[in-house]
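What the coordinates show
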Amino acid sequence: MVNILVTRSSMPSMDEYIKEIEDIWDSHWLTNMGPKHKEFQKNLKEYLKVEQMDMFTNGHMALELSLQAMNLPRGSEIITTPFTFASTTHAIVRNRLEPVFCDIDPVDFTIDVKKIEDLITDKTSAIMPVHVYGNVCNIEEIQRIARKYDLKVIYDAAHTFGVEYHGLGIGTFGDVSCFSFHATKVFNSIEGGAACFRDEEFGLELYRLKNFGIRGPERVDGVGANAKMNEFCAAMGICNLRHVNEEIAKRKLVVERYREWLDNVEGVQLNPVQEDVKPNYAYFPVIFDEKTFGASRNEVFEALQEVGIGARKYFYPLTNTFECFHGKYDVNRTPVALHISKRVLTLPLYADLDVDTVDKICEVILKCKENIK
Ligand SMILES: Cc1ncc(COP(=O)(O)O)c(C=O)c1O
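These notes cover the structure that comes with them. Sequence order sets the numbering: in each chain, residues are counted from 1 along the sequence as written. Residue-level local features of this predicted model are given only where pLDDT is at least 70; pairs of side-chain atoms are given and counted only at 80 or more, and the full residue set underlies all totals for whole chains, interfaces and linings. Heavy atoms throughout the structure, all of them, feed into the side-chain values; hydrogens and water do not.

1. Comments concerning the side chain of Asn280
Under the DSSP-based scheme used, a helix requires at least four consecutive residues in state H or I and a strand at least two consecutive residues in state E, with every element numbered from the N terminus. By the element assignment, Asn280 lies in the loop between β13 (277-278) and β14 (284-288). In the analysis that follows, any N or O atom pair within 3.5 Å is treated as a polar contact, provided that within protein one partner can donate a hydrogen and the other can accept it, and provided that, for residues neighboring in sequence, both atoms belong to side chains. A distance of 2.9 Å separates a polar side-chain atom of Asn280 from the backbone oxygen of His159. From its side chain, Asn280 meets the backbone nitrogen of Ala282 in a polar contact 3.2 Å long.

As structure tokens, then:
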């Protein structure tokens, strides 16, 4: 029996990391925006093609503090989607803002821009779309709506590290875009995250929020948290950034192999190939339609599990069905999200996944179809 997990964290060689952290033993500077933090931030800004950025302990704190730094009216409504990781919705709720769930597009799974305007009320203050699986949202339309109704836009860009749209870094869109550098992502700094923005004042507020509200050595004029990235995570980021292009190129080969097997299989829907987008091959989601494929998502999941292959029901359940919300949200208002979440399985995908394993995974999947026939 094999043991394949859905992802495997990218790491530099141990020698490379040790060489990188040697300086830390010289300086004894472990955290608080030290030399590694500075170097990593500079390299990242270049890589992501963004002008302004700050870094955090993780992607969630980037999102949560970005929302806080916007100083939106308490209890105001944020239009978002439930087809995402818990973090997106929790960042809203923990800011005492009200998530209003918009449905998703059935092809790329990002917010369905045709349905946003119907949800806008006089309490709406922002839109929080997710570039889910690395798929780019309909940026032009979101921008048009935001301008028309004077709304802020906070992109959850956790899945879109290195993605470009029309040659521009994905972090340049919206008022702020937040990335995750979690161990399971295309690029990691063990744990880590970043927020990219334009407004310098907003950046100062964000910086204060991640550092206890401290404005100067003898001045604390805000109530902040602690969400600083430490030097060891920054060092891991510096190392991993050297190899990320190579990692993405390897992911592309894995995705191409999956597509050779699964493109054009009846009852199977794959992630779209988006125009004008430089992709990062972050995930390989597959939607199984039981009626036409012959087996359900759960049957495929179990068949893979039986032979030691860990696929993931990502995103299931939808965030608007979480128990912590005590039935507050009506899931039937997001029927496409509900439909997709019951049928989706993300297959193992990481740079070093070999094509023979991809072949095995696809054989198991297609066998489910045959068995039913
Ligand atoms: C869509 C989405 N948003 C936010 C996050 C939060 O990022 P982190 O785990 O770095 O806090 C994640 C991933 O974990 C995610 O997948």
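Next comes the rest of the account.
2. Thoughts on the pairing of strand β4 (residues 124-128)
Among the five residues that make up β4, five are buried, leaving the element largely enclosed by the rest of the structure. Pairing of strand β2 (residues 77-80) with β4, which is carried by four bridges, proceeds in the parallel orientation. Within β4, the residue paired with Thr80 across the bridge is Met128. The pairing of β4 with strand β5 (residues 152-156) spans two bridges and is classified as parallel. For Ile127, the partnering residue across the bridge sits in β5 and is Val153. The rule is simple: take the accessible area with a 1.4 Å probe, protein chains only, and divide by the maximum for that residue type; under 20% is buried, over 50% is exposed, in between is partly exposed. For two strands to be treated as a pair, DSSP must find at least two bridges joining them.

3. Description of the site of the ligand
By convention in these notes, a residue is near a molecule or strand provided one of its non-hydrogen atoms lies within 4 Å of it. Taken together, 15 residues surround the ligand, and among them Gly59, His60, Asp156, Ser180 and Lys185 come closest. Between the ligand and the protein, one listed contact pairs an oxygen atom with a backbone N or O atom of Gly59 at 2.8 Å. Contact distances for the ligand include 3.2 Å between an oxygen atom and a side-chain N or O atom of Lys185. A total of 380 Å² of accessible area belongs to the ligand in isolation, and the protein chains cover 93% of it. Secondary-structure elements contributing two or more residues to the shell around the ligand are α3 (59-69) and α4 (86-94). Grouping the constituent residues of the shell around the ligand by class yields three nonpolar, ten polar and two charged. With residues, only the protein chains shown are counted as cover, and all accessible areas are computed by Shrake-Rupley using a 1.4 Å probe. Just so you know the grouping, Ala, Val, Leu, Ile, Met, Phe, Trp, Tyr, Cys and Pro go in nonpolar, Asp, Glu, Lys and Arg go in charged, and all remaining residues, Gly too, go in polar.

4. Here we look at the sheet that holds β14
As summarised here, the arrangement of the three strands in space is β12-β14-β15, forming an open sheet in which the pairing is antiparallel. Among the strands making up the open sheet, the edge pair consists of β12 (268-270) and β15 (344-347). The sheet shows a mean angle of 30° between the axes of neighbouring strands, taken without regard to direction. Of the strand pairs in this sheet, β12 and β14 are connected by three bridges, and their pairing is antiparallel. Paired with Gln269 across the strands is Ile287, a residue of β14. The contact criterion used is simple: two residues touch if any of their non-hydrogen atoms lie within 4.5 Å. Helix axes are fitted to C-alpha atoms over the stretch in contact, other axes to C-alpha atoms as well, and angles between N-to-C directions run from 0 to 180 degrees. Packed on one face of the sheet, helix α7 (residues 231-262) meets β12, β14 and β15 and runs near 20° to β14.

5. Quick look at a nonpolar patch on the surface
A contiguous nonpolar patch, built from Phe212, Ile214 and Val220 and spanning about 260 Å² of accessible area, is present on the exposed surface. For Ile214, a relative accessible area of 32% gives the class partly exposed. Each patch is built from residues that are more than 30% exposed by relative accessible area and take part in no salt bridge. Like charges join if they lie within 9 Å; nonpolar side chains (Val, Leu, Ile, Met, Phe, Trp, Tyr) join within 5 Å. Each reported salt bridge corresponds to a side-chain nitrogen of Lys or Arg within 4 Å of a carboxyl oxygen of Asp or Glu.

6. Re a negative patch on the surface
A contiguous patch of negative charge, built from Glu290, Glu299, Glu302 and Glu306, is present on the exposed surface. It is helix α9 (residues 297-306) that contributes the most residues to the negative patch, three residues altogether. Of note, Glu299 is situated in helix α9. Counted as positive: Lys and Arg. Counted as negative: Asp and Glu. His and the chain ends are not counted at all. Here the site of a charge means atom NZ of a Lys, CZ of an Arg, CG of an Asp or CD of a Glu.

7. Observations regarding the packing of helix α2 (residues 35-48) against α7
Running from N to C, α2 and α7 point in directions that differ by 25°, and their axes come no closer than 7 Å. Taken together, the axes of α2 and α7 lie roughly parallel to each other. Read as a crossing pair, α2 and α7 show a hand that is left-handed. On the side of α2, the interface is formed by Pro35, Lys36, His37, Glu39, Phe40, Asn43, Leu44 and Tyr47, while α7 contributes Glu231, Ala234, Ala235, Gly237, Ile238, Leu241, Val244, Asn245 and Ile248. Grouping the amino acids of the contact of α2 with α7 by side-chain chemistry returns ten nonpolar, four polar and three charged. When describing relative orientation, an angle under 35 degrees is termed roughly parallel and one over 145 degrees roughly antiparallel, while 65 to 115 degrees is termed roughly perpendicular and anything else oblique. In a left-handed crossing the near helix is turned counterclockwise from the far helix by less than a right angle, and in a right-handed crossing that turn is clockwise.

8. Let's talk about the packing of aromatic side chains
In this analysis, rings of Phe, Tyr and Trp, with Trp reduced to its six-membered ring, are considered paired at centre separations within 6.5 Å, and the interplanar angle assigns stacked below 30 degrees, edge-to-face beyond 60, and tilted for intermediate values. Under the defined criterion, the tally for this structure stands at 23 aromatic pairs. Seen in terms of ring centroids, Phe40 and Phe187 are 6.0 Å apart; in terms of plane orientation they differ by 35°. Their pairing is tilted. Of the two residues, Phe40 is situated in helix α2 and Phe187 in the loop between β8 (176-180) and β9 (193-197); the sequence distance between them amounts to 147 residues. We classify Phe40 as buried; its relative accessible area is 0%. Judged by its relative accessible area of 1%, Phe187 is buried. Measuring from ring centre to ring centre gives 6.2 Å for Phe83 and Phe109, while their planes differ by 50°; the resulting arrangement is tilted. Of this pair, Phe83 sits in the loop between β2 and α4 while Phe109 is found in the loop between β3 (98-101) and β4, placing the two residues 26 residues apart along the sequence. We note that Phe83, like Phe109, is buried.

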